[in-house]
Amino acid sequence: MTALRLGSLEVPTPVVLAPMAGITNAAYRRLCAEHGAGLYVCEMITSRGLVEGDENTKRMLVFDDAEQLRSVQLYGTDPTYVGQATKILCEEYGVAHVDLNFGCPVPKVTRKGGGGALPWKRNLLGRILEEAVAAAAPYDVPVTMKTRKGLDDDHLTYLDAGRIAQEAGCAAIALHGRTVAQAYSGTADWDAIAALVAHVDIPVLGNGDIWEAADAVRMVEQTGAAGVVVGRGCLGRPWLFRDLAAAFGPEGVGSTTLPTLGEVTAMMRRHAELLCEHMGEERGCKEFRKHVSWYLKGFRAGGELRRSLGLVDSLAALDELLAGLDPDEPFPVSELGAPRGRQGAPRHKVVLPEGWLDDTDGLGEGACGVLEDVDETTGG
Ligand SMILES: Cc1cc2nc3c(=O)[nH]c(=O)nc-3n(C[C@H](O)[C@H](O)[C@H](O)COP(=O)(O)O)c2cc1C
């Protein structure tokens, strides 16, 4: 498999850790990187928050010492803020890659015309991308965008978005094969990824429903995507990146890592430790709690122990609890290939600003204002 090329940046393994708000912080990125190879994107931060020096935003923008390629996803709806934020990322944070979020389905975000709602406004999208590309160009930093198929099946935007991204000078476009209305329900439409590959000349990164390394290879074969973006499949399974690296390497698909519960326990300990290193023990342990059920999914670990792990408040307490798990319990193979993380139900209606669908411009006279919040942290 060929490397992924984003402008002048070469990622030897064409695998990207999907930005996930509240998940892909420095600790988790490092944990994943310890297992595999690829590009590991920071959780989303807001352009305005960065420009205005918001404390929360700055707290999210930390990198591990071992992180060689700094990659950050920006959220933004205002071309000026996005341009300024991109410049700050390049100049002050030394990032090697900037991704822009145009896929978030959260009502709080789409209600303001952000995330997955924004590509409906074609000219505004183009202007935002142009600003980011222009700001990153002096630093030779590639800019990519990540989006969904559209608002719903009657309002698809991804082919236009691909063309606009290409014209704006983006180095690639990542497509999650669902609409905003679908949120995380149903299955990702890989045919749309193939259609986008056929429609544009820039690399397309395929995203959606990669649960095992074999799925990633199958996606690339079926769609012609230049690489894959993996989200929920690696929740509680950072070792998936080892299988992905192997699958895209000379070994090819075949080696599925099946850690025993003892090995998973060691991974949990490492994850918690890295979180504590970056955030301090109290916050680190709190952050770790949300990962417990993903790590233990399918294992026999009893309800009481799971509940206690879900309330863990120190590394010492974590060690004590983990010692209560049977290290020899084999990996529950029934979990292989099974969806994990958010799924939820489709939305009946995508919440949009008043009159949003009336024009596809977003810049001209009468355009709806797009408000940008400082601390939009709900993600994609
Ligand atoms: C908890 C969570 C947070 C997410 N946050 C973001 C985000 O901040 N930015 C973004 O572009 N996508 C975000 N996503 C979407 C993922 O990047 C990805 O597109 C989606 O999960 C589909 O890929 P998957 O099937 O591999 O999970 C998030 C997804 C989850 C589950």
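So, how was this worked out
Residues numbered from 1 in each chain as written. Predicted model: local features only at pLDDT ≥ 70, side-chain atom pairs only at ≥ 80, totals over all residues. Heavy atoms only, no water. Helix = DSSP H or I, 4+ residues; strand = E, 2+ residues; numbered from the N terminus. Rg over C-alpha atoms; globule rule 2.2 N^0.38 Å. Buried < 20%, exposed > 50% of the residue type's maximum accessible area, 1.4 Å probe, protein only. Contact = heavy atoms within 4.5 Å. Pairing = 2+ DSSP bridges. Axes fitted to C-alpha atoms, helices over the stretch in contact; angles between N-to-C directions. Right-handed = clockwise from strand over helix to strand, strands pointing away.

*Asks:* Would you mind going over the overall build of the protein chain with me for this structure?
*Replies:* Across its full length, the protein chain carries 15 helices and 10 strands. Scaling as 2.2 N^0.38, a compact globule of 380 residues should have a C-alpha radius of gyration of about 21 Å, and the protein chain matches this with 20 Å. Dimensions of the protein chain, computed from the C-alpha atoms along their principal axes, are close to 65 × 45 × 45 Å. Looking at the 380 residues of the protein chain, the share that counts as buried comes to 56%. Restricting to contacts in the protein chain with at least 6 residues of sequence separation, those with at least 24 account for 73%.

*Asks:* In this structure, what is going on with the sheet that holds strand β5 (residues 71–75)? I would like to understand it.
*Replies:* Around the barrel, eight strands lie side by side as β3-β4-β5-β6-β7-β8-β9-β10; this closed barrel has parallel pairing. Neighbouring strand axes in the sheet, compared pairwise and without regard to direction, differ in orientation by 25° on average. In the sheet, strand β3 (residues 15–17) pairs with strand β10 (residues 227–230) via three bridges, with the strands oriented parallel. The partner of Val15 across the bridge, within β10, is Val228. Running over the sheet, helix α6 (residues 122–136) touches β6 (97–102) and β7 (143–148) and is turned about 170° from β6.

*Asks:* Before we go on, may I ask you to explain the pairing of β5 in this structure?
*Replies:* Looking down a regular strand, the side chains alternate between one sheet face and the other. With respect to burial, β5 is a largely interior element, five of its five residues being buried. Pairing of strand β4 (residues 39–46) with β5 involves four bridges; the strand directions are parallel. The partner of Val41 across the bridge, within β5, is Ser71. Remark: the β5/helix α4 (residues 79–93)/β6 crossover connection has right-handed handedness.

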